[in-house]
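Each chain, written out:
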Amino acid sequence: MVRFFPDYRSMSSVAADLIVGAGKGAFSTRGRFDLVLSGGSTPRLAYEIIAERYGDADDLWSATHVWWSDERCVLPDDEASNYRMASESLLSKVAVADENVHRIPAEEPDHDAVASRYAAEFPDTIDALLLGLGPDGHTASIFPGSNAESEFWAPFVAVEGPPSTTQPRQRITITPAGLMRAPDLIFLVSGEGKSDAFRSVFLSEAAPFLTARMARGSTWLVDRNSVAEFLSSL
Ligand code: 6PG
């Protein structure tokens, strides 16, 4: 399903309700909510809205485990850290227990060991898995043509992005094997330069295998301004 929104805020508002709705459903059926947060900048407003709108849902948050789709290999207080962004916008405002915040310790030097340890604790059942879309069609840090893209066994690996990657290029990322642990993937798309990637995901057969194309049948919440060129070409 693809839903287009007139702006970033309306997309983020619906994303916030969708995420918490998934959490309430998981909590009522299995007493736990395993949420995988996306990195990048797009999800920040949705996280802030969740905190504003549902910050007092202590029953839900006390049963919530938070994971990440990927992390840059920086310290957790680095401005590039996906953990820092989520902590500032959401986790510092809701009652998720510290021991249930499963940060990827990507600052540690042995990136393969970090990926292996995180994979070992990553749950078999994920209730909501958030992702973004990069201009080259990557999602999480599964860059097209990287070792992560063809990894269908280990749920997390260490990877180095191409030179165009937002620094640092060294990442720990979920893989297609890890993505398959979620019944649905929720893509949040906003920001500059997403038209070509979006077109590749949904229309182009000739383009090299783009990871996000794996997720055509997922839930896409799209700020139409970020794919305006694509929409005007239809
Ligand atoms: C990361 C993300 C990455 C991101 C996309 C979109 O760590 O950078 O996991 O996949 O979601 O590159 O980034 P923006 O939301 O900043 O446009």
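Calculation criteria
Residues numbered from 1 in each chain as written. Predicted model: local features only at pLDDT ≥ 70, side-chain atom pairs only at ≥ 80, totals over all residues. Heavy atoms only, no water. Pairing = 2+ DSSP bridges. Helix = DSSP H or I, 4+ residues; strand = E, 2+ residues; numbered from the N terminus. Axes fitted to C-alpha atoms, helices over the stretch in contact; angles between N-to-C directions. Contact = heavy atoms within 4.5 Å. Parallel < 35°, antiparallel > 145°, perpendicular 65-115°, else oblique. Left-handed = near helix turned anticlockwise from the far one by under 90°. Nonpolar A, V, L, I, M, F, W, Y, C, P; charged D, E, K, R; others polar. Phe/Tyr/Trp six-rings, centres within 6.5 Å; stacked < 30°, edge-to-face > 60°. Buried < 20%, exposed > 50% of the residue type's maximum accessible area, 1.4 Å probe, protein only. Lys NZ or Arg CZ within 6 Å of the ring centre and 35° of its normal. Near = heavy atom within 4 Å. Polar contact = N/O pair within 3.5 Å; in protein donor to acceptor, adjacent residues only side chain to side chain. Areas by Shrake-Rupley, 256 points an atom, 1.4 Å probe, with all protein chains shown as cover.

### A word on the sheet that holds strand S4 (residues 70-72)
In step 1: Taken together, the 3 strands give an open sheet; going across it, the order is S4-S7-S6, and neighbouring strands pair in antiparallel fashion. Two strands bound the open sheet, and with one partner strand each, they are S4 and strand S6 (156-160). With direction set aside, neighbouring strand axes in the sheet form an average angle of 20°.
In step 2: Pairing of S4 with strand S7 (residues 170-174) involves 3 bridges; the strand directions are antiparallel. Bridge pairing in S7 places Asp-70 opposite Thr-173.
In step 3: Packed on one face of the sheet, helix H5 (residues 111-121) meets S6 and S7 and runs near 150° to S6.

### Brief notes about the packing of helix H1 (residues 8-30) against helix H2 (residues 44-54)
In step 1: Look at H1 against H2: their axes get within 8 Å of each other, and the N-to-C directions meet at 60°. Judged by the angle between their axes, H1 and H2 are oblique. H1 and H2 meet at a crossing whose hand is right-handed. On H2, the residues touching Tyr-8, Arg-9, Ser-12, Ser-13, Ala-15, Ala-16, Asp-17, Ile-19, Val-20 and Lys-24 of H1 are Arg-44, Leu-45, Ala-46, Ile-49, Ile-50, Arg-53 and Tyr-54.
In step 2: Each residue belonging to the contact of H1 with H2 can be placed in one class, and the counts come to 10 nonpolar, 2 polar and 5 charged.

### Details of the packing of aromatic side chains
The geometry of two aromatic rings is summed up by the distance between their centres and the angle between their planes.
In step 1: One pass over the structure, following the stated rule, counts 12 aromatic pairs.
In step 2: Ring plane angle 40° and centroid distance 4.8 Å describe the contact between Phe-198 and Phe-202, whose orientation is recorded as tilted. Of this pair, Phe-198 and Phe-202 both sit in helix H7 (residues 195-202), 4 residues apart, which is roughly one turn of that helix.
In step 3: According to the relative accessible area criterion, Phe-198 is buried, its value standing at 2%.
In step 4: Above the plane of the ring of Tyr-83 lies Arg-103, whose end atom (NZ or CZ) is 5.7 Å from the centre.

### Details of the site of the ligand
In step 1: Lining the immediate environment of the ligand, one finds 16 residues, of which Ser-41, Thr-42, Asp-70, Arg-72 and Ala-140 sit closest.
In step 2: One nitrogen or oxygen atom from the main chain of Ala-140 is found 2.5 Å from an oxygen atom belonging to the ligand.
In step 3: The separation between an oxygen atom of the ligand and a polar side-chain atom of Lys-194 is 2.8 Å.
In step 4: Relative to its unbound accessible surface of 410 Å², the ligand loses 87% to contact with the protein.
In step 5: Residues of the shell around the ligand, tallied by class, amount to 2 nonpolar, 10 polar and 4 charged.

### Focus: the packing of H2 against helix H4 (residues 82-91)
In step 1: Relative to each other, H2 and H4 sit at 30°, their axes nearing to 8 Å. On the basis of the axis angle, H2 is roughly parallel to H4. Facing Arg-44, Tyr-47, Glu-48, Ile-50 and Ala-51 of H2, the residues of H4 in contact are Met-85, Ala-86, Glu-88, Ser-89 and Leu-90.
In step 2: Here the contact of H2 with H4 is composed, by residue class, of 6 nonpolar, 1 polar and 3 charged.

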